[in-house]
Amino acid sequence: MKAVNRRQAFALGGGFVMLTLMPMAANAQVTNDAAKLIEKFTGGKQPSKGKISLDLPEIAENGNTVPLSIVIQSPMTADSYVKEVLVIADGNPNAGVATLAFTPLSGKAEASIRIRLATTQNVVAIAKMSDGALFTEQKTVKVTIGGCGG
Amino acid sequence: MADKPRIKLPKEAAKGEIIQIKTLVSHIMESGQRKDAQGKIIPRKIINKFTCEFNGKPVFACALEPAISANPYIQFDAKVEEAGTFKFVWSDDDGTVITAEEKITIKA
Amino acid sequence: MLRRYAGLAVVIVASAWAVTCASAQETQRKGIPAPRGHVFKTIISGYEFRSKETRALQDDDLENPGFLAVERAADMWKKVDGSAGKSCASCHSDAEVSMNGVGAAMPKWDGKANKPINLEQRINICRTEHMQAQPWAFKSQELTDMTTFVRHQSRGLPVTVKTDGPMSPWFERGKKMYYTRVGQLDLACASCHEHNNGKFMRADFLSQGQTNGFPTYRLRDQRLVPLHERFEGCMFDVRAEPFKPLSDEFLALELYVAWRGIGLPVETPSVRN
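Residues numbered from 1 in each chain as written. Chains lettered and ligands numbered in written order. Predicted model: local features only at pLDDT ≥ 70, side-chain atom pairs only at ≥ 80, totals over all residues.

## Remarks on the overall build of chain B
Here's step 1: When helices and strands are tallied, chain B shows zero helices and eight strands.
Here's step 2: Reading chain B from its N end, one meets helices and strands in the order β-β-β-β-β-β-β-β.
Here's step 3: Relative to the compact-globule value of 13 Å for 108 residues, chain B shows a C-alpha radius of gyration of 16 Å, a clear excess of over 25%.
Here's step 4: By principal-axis analysis of the C-alpha atoms, chain B measures approximately 60 × 20 × 20 Å.
Here's step 5: The buried share of chain B, taken over its 108 residues, is 35%.
Here's step 6: A sequence separation of at least 24 residues applies to 56% of the contacts in chain B between residues at least 6 apart. (Helix = DSSP H or I, 4+ residues; strand = E, 2+ residues; numbered from the N terminus. Rg over C-alpha atoms; globule rule 2.2 N^0.38 Å. Buried ≥ 20, exposed ≤ 12 C-beta atoms within 10 Å, placed from the backbone. Contact = placed C-beta atoms within 7 Å.)

## Focus: the overall build of chain C
Here's step 1: For chain C, the helix and strand inventory stands at eleven helices and nine strands.
Here's step 2: By the compact-globule yardstick of 19 Å for 273 residues, chain C fits well, its C-alpha radius of gyration being 19 Å.
Here's step 3: Considered along the principal axes of its C-alpha atoms, chain C spans approximately 65 × 40 × 40 Å.
Here's step 4: Taking the contacts inside chain C whose residues are at least 6 apart along the sequence as the reference set, 70% of them involve residues at least 24 apart.

## What about the sheet that holds strand S6 (residues 73–80) of chain B?
Note on sheets: strands pair through backbone hydrogen bonds, and any given pair is parallel or antiparallel.
Here's step 1: One open sheet accounts for six strands, arranged S2(A)-S3(A)-S6(A)-S6(B)-S3(B)-S1(B); its pairing is antiparallel. Strands at the two margins of the open sheet, each flanked by one partner only, are strand S2 (52–55) of chain A together with strand S1 (6–8) of chain B. Geometrically, the sheet is characterised by an average inter-axis angle of 15 degrees between neighbouring strands, direction not taken into account.
Here's step 2: By the bridge criterion, eight bridges tie strand S3 (residues 17–24) of chain B to S6(B) in an arrangement that is antiparallel. Along S6(B), the bridge assignment pairs B:Ile19 with B:Ala78. (Pairing = 2+ DSSP bridges. Axes fitted to C-alpha atoms, helices over the stretch in contact; angles between N-to-C directions.)

## Brief notes about the packing of helix H3 (residues 67–77) of chain C against helix H7 (residues 141–152) of chain C
Residues and elements named next belong to chain C.
Here's step 1: Packing of H3 against H7 leaves a shortest axis separation of 8 Å and a crossing angle of 95 degrees. Judged on the interaxial angle alone, H7 and H3 are roughly perpendicular. Only Glu142, Thr144, Asp145, Met146, Thr148, Phe149 and His152 of H7 make contact with H3, whose side of the interface consists of Ala69, Val70, Arg72, Ala73, Ala74, Met76 and Trp77.
Here's step 2: Residues of the contact of H3 with H7, tallied by class, amount to eight nonpolar, three polar and three charged. (Parallel < 35°, antiparallel > 145°, perpendicular 65-115°, else oblique. Nonpolar A, V, L, I, M, F, W, Y, C, P; charged D, E, K, R; others polar.)

## A closer look at the interface of chain C and chain B
Here's step 1: Across the contact, eight residues belong to chain C and eleven residues belong to chain B.
Here's step 2: Residue composition of the side of chain C that touches chain B, grouped by class: four nonpolar, one polar and three charged.

## Concerning the pairing of strand S5 (residues 57–64) of chain B
Here's step 1: Taken together, the five bridges between strand S5 (residues 96–102) of chain A and S5(B) define a ladder with antiparallel strand orientation. Each residue of the ladder has a partner; that of A:Ala98, found in S5(B), is B:Leu64.
Here's step 2: As paired strands, strand S4 (residues 47–54) of chain B and S5(B) are joined by six bridges and run antiparallel to one another. Bridge pairing in S5(B) links B:Phe50 to B:Cys62.

## Quick look at the nonpolar core
Here's step 1: With 105 residues, the main nonpolar core has A:Val85, A:Ile88 and A:Ala125 as its most contacted residues.
Here's step 2: If one sorts the elements of this core by residue count, helix H11 (residues 248–260) of chain C sits on top with eight residues.
Here's step 3: Counting five residues, the second largest nonpolar core, distinct from the first, contains C:Phe49, C:Cys189, C:Cys192 and C:Phe205. (Core = buried A, V, L, I, M, F, W, Y, C linked by C-beta atoms within 7 Å.)

## Brief notes about the packing of helix H6 (residues 119–130) of chain C against H7(C)
Residues and elements named next belong to chain C.
Here's step 1: For the pair H6 and H7, the least separation of the axes is 10 Å and the interaxial angle reads 105 degrees. When the axis of H6 is compared with that of H7, the two are roughly perpendicular. Every residue of H7 that contacts H6 at Leu119, Glu120 and Ile123 is listed here: Leu143, Met146, Thr147, Val150 and Arg151.
Here's step 2: The residue inventory of the contact of H6 with H7, partitioned by class, reads five nonpolar, one polar and two charged.

## Side note on the sheet that holds strand S8 (residues 223–225) of chain C
Residues and elements named next belong to chain C.
Here's step 1: Pairing is mixed in the open sheet, where three strands are placed in the order S8-S7-S9. Because the sheet does not close on itself, it has two edges, and the strands there are S8 and strand S9 (270–272). The sheet shows a mean angle of 40 degrees between the axes of neighbouring strands, taken without regard to direction.

## Digging into the environment of C:Arg155
Residue and element names in this part refer to chain C.
Here's step 1: The residue Arg155 is located in the loop between H7 and helix H8 (168–178) in this model.
Here's step 2: By the C-beta count within 10 Å, which is 18 here, Arg155 ends up partly exposed.
Here's step 3: Remark: the alpha-carbon pair of Arg155 and Gly213, spanning 58 residues in sequence, is separated by 9.0 Å.
Here's step 4: The contacts of Arg155, once residues within four sequence positions are left out, are Val266, Glu267 and Thr268.

## Overview of the environment of B:Gly32
All names here are of chain B.
Here's step 1: Examined against the element boundaries, Gly32 turns out to sit in the loop between S3 and S4.
Here's step 2: Residue classification places Gly32 among the partly exposed positions, given that 14 C-beta atoms sit within 10 Å.
Here's step 3: Here the alpha-carbon distance between Gly32 and Arg44, two residues twelve residues apart in the chain, equals 3.8 Å.
Here's step 4: Residues in contact with Gly32, not counting those within four places in the same chain, are Ile41, Pro43, Arg44 and Pro66.

Put into structure tokens, the structure is as follows:
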């Protein structure tokens, strides 16, 4: 191994420490089929932000049961309603979580479910309206695995 | 034999009122990710679909993946225009279904 | 290797953030004043140590997954089982009436067995001696369901376990266990639940370790967990050789820990992490 002088070693070590302290993307560890599922749902079209209120805990009590609530603004009439909502988790072994299908008879585009999150990651929701418009929202959920309670 | 699902919704509603429906069903939702004591993968077995109809018309449905927690809880809304019957169906990977029905009347 | 540290960095940030929040909430945690001579000043249910989302799951009987077990057992209560041709209802009629208060007073002294017995054991005594039915295995869905159902009939009632008379040596035995360090990690129950409740340890948020909510629906296991399974788990987590469920050791511990939560309302089926 090539010898490094003290100044170089210090810089290397310092740089390494800096890197670990830098905020990393929540899903730095796993690449799953999130992009593929999103592409299939959106047909390649870029969703806009807005209309969606996605409610998840900031820190999950336990990753095996995480409550999720979603509300999407829409008149929910036959002419204008939320048709389908894709929910994915970008850090799970498989990104798919659920696909919700609303109708004007839903009254409100609102639902609550409980999901499993394997690690700290982003949960992404994409709503497809009856006129084809796409909206998206995402939330980061911190998931820890405790050494005693699990 | 499957356990009875737990469902909560009002017994009656005003015409045009939007009601909230809460459902809970007992199911292990085996993800297909777990291994048994011998290290073999435990095969996936989940409820993959839930549908709710009112008087035969679709109200709400969802496709579920293994990322849904065991004992799936599904809460959604329904706009009640007339008296009638809600029909709920949970479909298992193995083709079996769990069904339930709840009636609702219109307030005078 | 950098990826591994990224995860660690997130965990550290998350824990630090949560600790700040938890300490801020400390003074708001509701409890009951402890009786004279008790180890705590205020006795606090595990409910108060969980997140608001978890508490919301317990607050609504439809949202609380523990009720799936209560419903199953309510059916089983009326089902004939065993060669005596009886169901639980044959002797006990309406559980809501006959079982009211029973779960809140367990473990109870059993003169015939000459030791304290808990709810699981009482259910199996009924099955074997009065129904001529097979006892249910510990951790089986049937036994956990029925224990949950019976204890649920005491929901809201204060824990009122007796610790005097013949119970006294068992109480002392449980107390000694509670304060004895065990396992490779060399920890006693008190190390976490008495000296460090309200703090994080190994990324888990520590409660007072009360048992008023057992059997409890654990979000991690996504099912109801009976008390002795949790005792087993705690011992396993400190890398000790756990005692057996329904053993004398765990009965003594159950008695002592019930006293540590005396007066707390029974919350079965509770929802915990």
